[in-house]
Amino acid sequence: MNPLAKSLNDTLENTTALAIMSEMGKRMYFPNGIIAQGGEAAANATFANGTIGMTVINKVPVMLPSYKKNVPNFTPQETVAYAKTAGNPELRKMWKEKMIQKNPSLAEKKFSMPILVPGLTAALSYVADLFVDTDKPLLAPNPCWDNYELITCARRGAEFHQFECFDDKGLNLKSLEEAMRADGKKYGSVRVILNFPQNPSGYSPTKDEAAAIVAMIKKMAEEGIKVLVLSDDAYFGLNYEDNIESQSLFAYLADLHENVLAIKADGPTKEDFAWGLRSGFVTFASKGMTDEQYEALTVKFMGVIRSSVSCSSSPAQSLVLHAFKDDEHDKAKKAMREMLEKRFKLVKNFTDNRTSSVLKPLPFNSGYFMSFNVTGVDAEELRKKLLADCGIGVVSINAQTLRVAFSSIDEDKIEKVYTAIYNTAEAMK
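Residues numbered from 1 in each chain as written. Predicted model: local features only at pLDDT ≥ 70, side-chain atom pairs only at ≥ 80, totals over all residues. Heavy atoms only, no water.

A. Fine view of the pattern of salt bridges. On inspection of all chains with the given rule, the structure shows 27 salt bridges. Salt-bridge contacts for Lys136 lead to Asp135; the nearest nitrogen and oxygen are separated by 3.1 Å. Overall, the relative accessible area of 43% leaves Asp135 in the partly exposed class. (Salt bridge = Lys/Arg side-chain N within 4 Å of Asp/Glu carboxyl O. Buried < 20%, exposed > 50% of the residue type's maximum accessible area, 1.4 Å probe, protein only.)

Right, dumping it as structure tokens:
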């Protein structure tokens, strides 16, 4: 049991609350991760706050005009009526069409209608409810987003396994294959989550790396190992270098083999700068599955939604749907993406021209973030020092990894922020 969960249980000892609590409840805790550190930074990061994965200008989150102008015009059905459990049918259909536009390899492939969920965390949690258990572990990269472990261990009571995400060349494909084969041998099946652009590193695979991952999974499937691949595509499309694979792995896995179940978790949260609208999607694909089988799997998934939040927010879905129909939406979205790319280039230029005995940037080429591998100093102590002495908020993913969300740092502050990070790290040796 996680020490944070045990501490909470100890506090509740001799109360009725603890006496009647479920095993999941006893395992549950709130991690000292991104959200907790972000809250601390919100109060103390007076100069720059690089903790939260939002796009910010002058301390205000970006709001595209296509969202803002539609709010007063909603009908009662679009605002206060209950939404359907699986989401607005028109929005689901539109998202499926957009998936194919962004992933042309899906055009001739059969896959389920996307199911709408209240955000990407819910997507991952609900998938875990269906497929992760005490004898069905989840495999994820190291480093990774802290919510993966919370969902796996505290909610599902399952083992959380990790492979080393990087080697000296880029993605550590050898570590990924060894970890997948180890799970396959011990449990007879594999459940792996691949998040690109990755949180916290901000890395997406090259075309060659993506092809190698697909070939690896196909070989294992042909050997009889059943493989679930969950593509966490929260930051999909935010690529800043030419050699990055532009399509989701889901597009290549959708009809790869009967022994492969591909699941795509995505949505407008990051792609369309709509973080607080909490609208995400889950889509299933497996070679040979029929429409009836996809419907059965969808109904099972709806049961998970119904037994938790019942349905997602109607106004949020309506707002996203209206925005997608707005002629100005893609233009405004493109401008925000270009701004993020400019911030990326400033950070990349700085880190490429600065050396440190403490900080080594992990590979990054996309998304909202970049991270440092920290040696000789504890990343959490460095985070606290930056916050206390410089008014700069960043996130310690673990003792060796410090994440900086350049998405939320204005261009004119980037050099000062990174100079402070390097100088503070060196001074702490």
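B. Summary view of empty space enclosed by the protein. Per the stated rule, a full pass over the model turns up three cavities of 30 Å³ or more. Roughly 120 Å³ of internal volume is contained in the largest cavity. Looking at the largest cavity, it is lined by 15 residues, and the ones nearest its centre are Phe196, Phe236, Glu245, Gln247 and Ser248. Looking at the lining of the largest cavity residue by residue, the class counts come to six nonpolar, seven polar and two charged. Surrounding the second largest cavity, 13 residues form its lining, Leu124, Ala128, Val132, Leu138 and Leu230 being those nearest its centre. (1 Å grid on protein atoms, 1.4 Å probe; cavity = no way out; pocket = protein on both sides within 12 Å on 5 of 7 lines; lining within 4 Å. Points joined across faces, edges and corners; volume = space filled by probe spheres on them. Nonpolar A, V, L, I, M, F, W, Y, C, P; charged D, E, K, R; others polar.)

C. Helix H11 (residues 207-222), seen in detail. Helix length check: H11 (16 residues) gives 23 Å between terminal C-alpha atoms against 22 Å at 1.5 Å per residue, within 8%. Along H11, the residues that are buried comprise Glu209, Ala210, Ile213, Val214, Met216, Ile217, Met220 and Ala221. The buried residues of H11 occupy an angular sector of 155° when projected down its axis, which confines them to one face. In H11, the exposed positions angled more than 90 degrees off the buried face are occupied by Asp208 and Glu222. Lining the buried residues of H11 we find helix H10 (173-187), strand E7 (189-195), strand E8 (226-232), helix H12 (249-253) and strand E9 (260-266). (Helix = DSSP H or I, 4+ residues; strand = E, 2+ residues; numbered from the N terminus. Expected span 1.5 Å × (residues − 1). Arc of directions from axis to C-beta. Contact = heavy atoms within 4.5 Å.)

D. Looking closely at the sheet that holds strand E14 (residues 395-398). Read from one edge to the other, the open sheet built from four strands follows the order E11-E12-E15-E14, with strand pairing classed as antiparallel. Looking at strand neighbours, the two that pair on one side only are strand E11 (359-361) and E14, the edges of this open sheet. Taken over all neighbouring pairs, the strand axes of this sheet differ in orientation by 35° on average, direction set aside. Pairing of strand E12 (residues 369-374) with strand E15 (residues 401-405) involves five bridges; the strand directions are antiparallel. Of the residues in E15, the one forming a bridge with Met370 is Val404. (Pairing = 2+ DSSP bridges. Axes fitted to C-alpha atoms, helices over the stretch in contact; angles between N-to-C directions.)

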